[in-house]
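A look at the structure
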Amino acid sequence: MASPPRGHPEDVSTDELHWLAGLLEGEGSFLAGPPSAPRYPLMTLQMIDEDVVGRVATMFGRKVGRWQPRNPRFQPIFIARITGAKAVSWMTALRPLMGARRQTQIDHALASYAPTPASLLDDTTACEALRLLANGSSVREVAEHFGTSVWCIYDLRLGRTHKGLPRS
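First, a word on scope: everything that follows refers to the structure included in this document. (Residues numbered from 1 in each chain as written. Predicted model: local features only at pLDDT ≥ 70, side-chain atom pairs only at ≥ 80, totals over all residues. Heavy atoms only, no water.)

To continue, consider the side chain of Ser112. For Ser112, the location among the structural elements is in the loop between α4 (100-111) and α5 (123-134). Those residues in contact with Ser112 that lie beyond four places of it in its chain are Ala32, Gly33, Pro38, Arg39, Tyr40 and Pro41. (Helix = DSSP H or I, 4+ residues; strand = E, 2+ residues; numbered from the N terminus. Contact = heavy atoms within 4.5 Å.)

Quick look at the sheet that holds strand β3 (residues 65-67) now. The strand order β1-β2-β4-β3 describes an open sheet built from four strands, whose pairing is antiparallel. Looking at which strands have only one partner, the edges of the open sheet turn out to be β1 (28-31) and β3. Sheet twist, expressed as the average angle between the axes of neighbouring strands with direction ignored, equals 25°. Sheet strands in contact with helix α3 (residues 84-94) are β1, β2 (42-47) and β4 (77-83), and its direction is about 95° off that of β4. (Pairing = 2+ DSSP bridges. Axes fitted to C-alpha atoms, helices over the stretch in contact; angles between N-to-C directions.)

Here we come to the environment of Arg73. Relative to the elements of secondary structure, Arg73 occurs in the loop between β3 and β4. With 66 residues separating them in the primary sequence, Arg73 and Val139 have C-alpha atoms 55 Å apart.

Let us now look at the pattern of salt bridges. Scanning all chains against the criterion turns up three salt bridges. Arg95 is the salt-bridge partner of Asp107, the closest N and O atoms lying 2.5 Å from each other. One end of the pair, Asp107, is in helix α4; the other, Arg95, is in the loop between α3 and α4, and 12 residues separate them in sequence. Note that Asp155 and Arg160 form a salt bridge whose closest N and O atoms lie 2.9 Å from each other. (Salt bridge = Lys/Arg side-chain N within 4 Å of Asp/Glu carboxyl O.)

Here we come to the packing of helix α6 (residues 139-146) against helix α7 (residues 150-157). It is at 8 Å that the axes of α6 and α7 come closest, and there the two elements cross at 115°. The pairing of α6 with α7 is recorded here as roughly perpendicular in orientation. Note that α6 runs across α7; the crossing there is right-handed. On the side of α6, the interface is formed by Val139, Arg140, Val142 and Ala143, while α7 contributes Val150, Ile153, Tyr154 and Arg157. (Parallel < 35°, antiparallel > 145°, perpendicular 65-115°, else oblique. Left-handed = near helix turned anticlockwise from the far one by under 90°.)

Laid out in structure tokens, this is it:
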């Protein structure tokens, strides 16, 4: 039997969520976004135990990253990392299970979250945007109608986003 798709806190059992909270209490990082993406917080786990990091990466719906230190005497480090909205949903679910210090870190990371309007089209609004484009509205008009960037609408029109939606 295939395991269900992962990636969101509601996809894991309570026991798994509690196991993850314990692990991240000691080994996790909850951070405001880096200078290149300051409005997108991140959550990361870095360890030399590939199997543990692999389990977390599966929960996150991600692949395991690997970093090899320059000094060959050191073991490789395995990394599970998520950013943006996905990190926000995990941090929100984990926060009540964490100690005071980690809760403060999570609060700081969550305070940095400010998604851009370009990422806020859901499937319903994307369908409506495609309908407007098909009826002759310009990309700029559609972007202004939904309060998003023209680049978001270009990506939608070209099929780079919302790939499962029908295009006319």
